[in-house]
Amino acid sequence: MYYSLLLIAFCLSVWGIVTLNALIRARASVDESRSEIALLLKRRFDLIPGAATVLKTHINDEALEGLLQVRNAAVYTSPLDIAAQAQASAAMSDALRKVMDLAVPDSDAQEKNNVKESLAALEKVEVNLQTGCKVYNNAVGKYNLLCESFPSNLIAHLFHFTKKNLFTVTSLQ
């Protein structure tokens, strides 16, 4: 009888440790993916002033000013607030879409090339951001599943693991 209780206690301890480690790995994956999104957003924010300089002769000041205002507001969004970052990112995508639709160079070949390069750099960051969001959302899904499903939710609750929010960003296409 004593050995049976000892065996049950040992099995429960091993299960608890394995489950806790799985939760820690899943949370680390979410944090790593979130930091990748933060880097991509920073890269996007850093590209916009240069793109605005190149595009200022090709689009109206209202659209360009709107893009810069959205960019400046998004820069100060807390990196820990996923919902606010997603909202700022959606506003940035809308502003970029408007600017890209208006950016049609009509002068010399060098200016056309500069505009194309600037827009291509922004589009590349947007594609990478879409990919980063998919990776993040996949990691969040796995983490949230561990936090919500029985019996791992017992360990998650005991060690204060909480659900994470998904990151949504709109596409420029």
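The residue numbers shown here count from 1 along each chain, following its written sequence. Selection of residues for local features in this predicted model requires a pLDDT of at least 70, selection of side-chain atom pairs for listing and counting requires 80 or more, and totals for whole chains, interfaces and linings are taken over all residues. In computing side-chain values, all of the structure's heavy atoms are included and hydrogens and water are not.

Let us now look at the pattern of salt bridges. Take a side-chain nitrogen of Lys or Arg and a carboxyl oxygen of Asp or Glu: if they are within 4 Å of each other, that pair is a salt bridge. Taken as a whole, this structure holds 4 salt bridges when the rule is applied. With a shortest N-O distance of 3.1 Å, Asp31 and Arg34 are connected by a salt bridge. Of the two residues, Asp31 and Arg34 are both situated in helix α1 (residues 2-55); the distance of 3 residues between them amounts to about one turn of the helix. Think of it in three bands: residues with accessible area under 20% of the maximum for their type are buried, residues over 50% are exposed, and the middle band is partly exposed, with areas taken using a 1.4 Å probe on protein chains only. Residue classification places Arg34 among the buried positions, given a relative accessible area of 17%. Between Lys42 and Asp46 there is a salt bridge; the shortest N-O distance is 2.9 Å. In this description a helix means any DSSP run of H or I spanning at least four residues, a strand means any run of E spanning at least two, and both kinds are numbered starting from the N terminus.

Turning next to the packing of α1 against helix α2 (residues 61-75). Only C-alpha atoms enter the line fits that serve as axes; for helices the fit covers just the stretch in contact. Angles between N-to-C directions range over 0 to 180 degrees. Here α1 crosses α2 at 160°, and the two axes come no closer than 10 Å. Comparing the axis directions of α1 and α2 gives the class roughly antiparallel. As for how α1 packs across α2, the hand of that crossing is left-handed. Counted together, Phe45, Asp46, Ile48, Pro49 and Ala52 of α1 and Leu64, Leu67, Leu68, Arg71, Ala74 and Val75 of α2 form the full contact between these two elements. Oblique is the label for every angle not falling under 35 degrees (roughly parallel), over 145 degrees (roughly antiparallel), or within 65 to 115 degrees (roughly perpendicular). By convention, the crossing between two helices is left-handed when the near helix turns anticlockwise from the far helix through less than a right angle, and right-handed when the turn is clockwise. Residues count as neighbours in contact if any of their non-hydrogen atoms are within 4.5 Å of one another.

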